[in-house]
Amino acid sequence: MSDHDRDQLARKLDQALAERDQALRELSQLRQQIVAAGTSGDRHEQHEQPLTAEYPLLGTNNQRSDELFRVMVESVVDYAIFMLDANGRIVTWNKGAERIKGYQDAEILGKPYALFFSPEDVQAGKPQRLLAQARQFGRVEDLGWRVRKDGTRFWADAVITALIDAQGNLTGYAKVTRDLTEFEHLEREKIEALQQADILKDQFISILSHELRTPINSITGFGSILDDEVVGPLTEKQHEYLRKILSGADTLLGLVNDLLDLSRIQAGRFHLSPQPFDFALVAADALSSLQALAEPKHMHLLNEVPQGLPPLVGDAQRIRQVLLNLVNNAIKFTPDEGTIRVRACLDGAVLRCEVQDTGIGIATEDIPKLFKPFSQVDMSSTRPAGGTGLGLMISKSLVEAHGGQIGVESQPGAGSTFWFTLPLQHGVPLPTAPL
């Protein structure tokens with residue numbers, strides 16, 4: 001089915017539901033008008049004569065009103081409209097019910113309406129439950145499978161309304177059903193199409209990332225050879241250009257690695273290599289790697305991770321990646337001459353690490369967006385800082401794979417503190433199962 005056909009069916013579904021509600025309103029209003037006209041009695045006797053002639057056996061105005069309403073309901077073919085008594089047995093039947101459900105009125109009147117439910121729904125008590133909800137709330141709407149006379153199933157939108165007399169007693173139920181099988185198939189096709197598109201997207205990202213690594217490595221390798229003057233001397237200007245090329249290649253390689261990580265995480269092929277490690281050494285190495293990125297902005301990177309912390313068991317390179325992502329984000333969104341602190345302490349059975357900055361801060365309503373893929377808050381203002389929005393999502397997956405948690409505390413204009421915890425394993429290795 002083409003996208004155009006799907007859109008048309010979706011519009012038809014919305015229109016059908018709107019028409020159903022409108023039809024119910026109009027039927028109710030029309031019956032009220034008919035009853036009102038019927039009770040006007042002798043005042044409009046000249047207008048009553050055609051109705052009397054058409055229904056000569058009817059003795060009262062109310063009887064004529066009820067008969068008119070009955071004829072109108074029976075003529076509806078797009079909806080199954082019928083009445084139930086207080087025990088849920090069918091007492092009226094219209095042409096729409098005959099068309100949708102397949103029963104003639106002679107073979108269905110007096111039967112329990114539970115006949116239209118699947119055996120598993122009947123066993124679960126669904127027919128009685130819907131009637132009970134209609135009694136309690138006045139009406140109930142249900143989407144689900146129903147069974148025709150020939151045993152086939154159809155996807156139904158059914159509304160049951162409790163009928164209460166003037167003394168407040170339950171007299172029965174009105175039931176309106178619409179066959180939405182075509183639209184249920186449409187929704188199923190949409191879900192399958194989205195799932196297939198997601199698979200293709202993951203495959204594309206994986207292939208693209210792998211294919212990009214080769215040329216990037218070539219750029220980095222040959223650029224480093226030229227910068228080291230292995231093949232001859234260069235001018236200062238040439239060195240400056242080469243360093244910009246190498247910096248751009250490193251940025252692109254980081255993007256490719258993020259895409260690869262995302263692809264592996266979503267495909268469940270991301271493995272950890274757990275070993276005992278010293279968190280203080282990992283933090284110092286990460287900060288040292290980012291010092292060059294902070295220097296042009298005259299920022300202060302402060303390592304406040306104490307020595308002597310108990311050793312952790314985990315994938316040290318992946319924990320380093322988490323720290324690089326958090327500190328790199330802090331550098332991006334902190335103004336020049338700002339300060340970034342990296343702290344760690346023991347908090348019960350976990351080690352808690354914090355990356356605190358003096359940056360622009362984050363609004364409360366934007367915080368839930370942070371750990372979603374390709375998501376950055378206030379794109380108009382943060383876009384100059386660059387990035388794909390993958391770093392925090394990947395960091396969250398890595399921390400949770402180690403049995404920890406990650407979060408943020410922030411206020412606009414007051415900076416942010418990103419934190420994560422890692423359990424103290426006490427020498428028990430982490431499993432090497434994929435994320």
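Everything here concerns the structure above.
If you're wondering where the values come from, they're calculated on a predicted model, not measured in any experiment.

Undergrad: What's the story with the packing of aromatic side chains in this structure? I'm lost.
TA: Aromatic ring pairs are reported here in terms of the distance separating the ring centres and the angle at which the planes meet. Going through the model one piece at a time under the given rule, you end up with seven aromatic pairs. Judged by centre distance (5.1 Å) and plane angle (45°), the rings of Phe82 and Trp93 are tilted. Placement of Phe82 in strand β1 (residues 80-84) and of Trp93 in the loop between β1 and α4 (95-101) is noted, with a sequence separation of eleven residues between them. Across the pair, exposure class does not vary: Phe82 and Trp93 are buried alike.

Undergrad: Whenever I open this one, the sheet that holds strand β3 (residues 153-164) confuses me. Can you help?
TA: As a general point, the strands of a sheet are linked pairwise by backbone hydrogen bonds and lie either parallel or antiparallel. With respect to topology, four strands assemble into an open sheet ordered β1-β4-β3-β2, the strand pairing being antiparallel. Either end of the sheet is taken by a strand with one partner, and the two such strands are β1 and β2 (139-147). Strand-to-strand twist across the sheet, computed as the mean angle between neighbouring axes with direction ignored, equals 25°. Strand direction decides the pairing type here: β1 and strand β4 (residues 170-179), joined by five bridges, are antiparallel. Bridge pairing in β4 links Met83 to Ala174. The sheet contacts of helix α7 (residues 126-137) involve β1, β2, β3 and β4, and relative to β2 the element is tilted by about 165°.

Undergrad: What exactly am I supposed to notice about the pattern of salt bridges here?
TA: Charged atoms that come close allow side chains of opposite charge to pair. Taken as a whole, this structure holds 15 salt bridges when the rule is applied. Glu107 is the salt-bridge partner of Lys149, the closest N and O atoms lying 2.9 Å from each other. Taken as a pair, Lys149 in the loop between β2 and β3 and Glu107 in helix α5 (residues 105-108) lie far apart in primary sequence, 42 residues in all. In this structure Lys149 comes out as partly exposed when scored by relative accessible area, which is 44%. Note on Glu107: relative accessible area 29%, which makes it partly exposed. A salt bridge links Arg153 to Glu120; the shortest N-O distance between them is 2.9 Å. A residue pair is termed long-range when its members are at least 10 positions apart, and Arg153 in strand β3 and Glu120 in helix α6 (residues 119-123) qualify at 33 residues. According to the relative accessible area criterion, Arg153 is partly exposed, its value standing at 38%. Within this structure, Arg343, Arg352, Glu354 and Glu409 form a network of salt bridges that share partners.

Undergrad: I tried to follow the packing of helix α10 (residues 279-294) against helix α11 (residues 316-332) on my own but got confused; where do I start?
TA: Packed helices, taken two at a time, are described by the angle between their axes plus the distance between the axes. Put simply, α10 and α11 touch, their axes get as near as 9 Å, and they point 40° apart. In this structure, the crossing between α10 and α11 has a hand that is right-handed. Judged by residue contacts, Phe279, Val282, Ala283, Asp285, Ala286, Leu287, Ser289, Leu290, Leu293 and Ala294 of α10 engage Ala316, Ile319, Arg320, Leu323, Leu324, Val327, Asn328 and Ile331 from α11. Its residues assigned to classes, the contact of α10 with α11 comprises 14 nonpolar, two polar and two charged.

Undergrad: What's the story with the nonpolar core in this structure? I'm lost.
TA: As a rule of thumb, soluble globular proteins bury nonpolar side chains together. Phe279, Leu323 and Phe420 are the most contacted members of the largest nonpolar core, which has 49 residues in total. Of all hydrophobic cores here, the second largest spans 21 residues; its members include Ile90, Ile108, Leu130 and Leu131.

Undergrad: Explanation requested: the pairing of β3 in the structure shown.
TA: Remember that side chains alternate between the two faces of the sheet whenever the strand is regular. Where β2 meets β3, nine bridges bridge the pair, whose relative direction is antiparallel. By the bridge assignment for β3, Arg146 is matched with Phe154. Here β2 hands over to β3 after five residues, with Gly151 in that stretch at a positive phi of 95°. Both β3 and β4 contribute to a ladder of nine bridges, which runs antiparallel. In the strand pairing of β4, Val159 is matched with Val176. From the end of β3 to the start of β4, which pair antiparallel, there are five residues, and Gly168 there has a positive phi angle of about 85°.

Undergrad: Help me out: how do you make sense of α11 in this one?
TA: Since the α-helix turns once every 3.6 residues, residues separated by three or four places project in the same direction. For α11, spanning 17 residues, the distance from its first C-alpha to its last is 24 Å, which sits close to the expected 24 Å at 1.5 Å a residue. Most of α11 sits inside the fold, with 13 of its 17 residues counted as buried. The N-terminus of α11 is capped by Asp315, whose side-chain oxygen sits 3.2 Å from the backbone nitrogen of Gln317.

Parameters and conventions
Residues numbered from 1 in each chain as written. Predicted model: local features only at pLDDT ≥ 70, side-chain atom pairs only at ≥ 80, totals over all residues. Heavy atoms only, no water. Phe/Tyr/Trp six-rings, centres within 6.5 Å; stacked < 30°, edge-to-face > 60°. Helix = DSSP H or I, 4+ residues; strand = E, 2+ residues; numbered from the N terminus. Buried < 20%, exposed > 50% of the residue type's maximum accessible area, 1.4 Å probe, protein only. Pairing = 2+ DSSP bridges. Axes fitted to C-alpha atoms, helices over the stretch in contact; angles between N-to-C directions. Contact = heavy atoms within 4.5 Å. Salt bridge = Lys/Arg side-chain N within 4 Å of Asp/Glu carboxyl O. Left-handed = near helix turned anticlockwise from the far one by under 90°. Nonpolar A, V, L, I, M, F, W, Y, C, P; charged D, E, K, R; others polar. Core = buried A, V, L, I, M, F, W, Y, C linked by side-chain atoms within 4.5 Å. Expected span 1.5 Å × (residues − 1). Polar contact = N/O pair within 3.5 Å; in protein donor to acceptor, adjacent residues only side chain to side chain.

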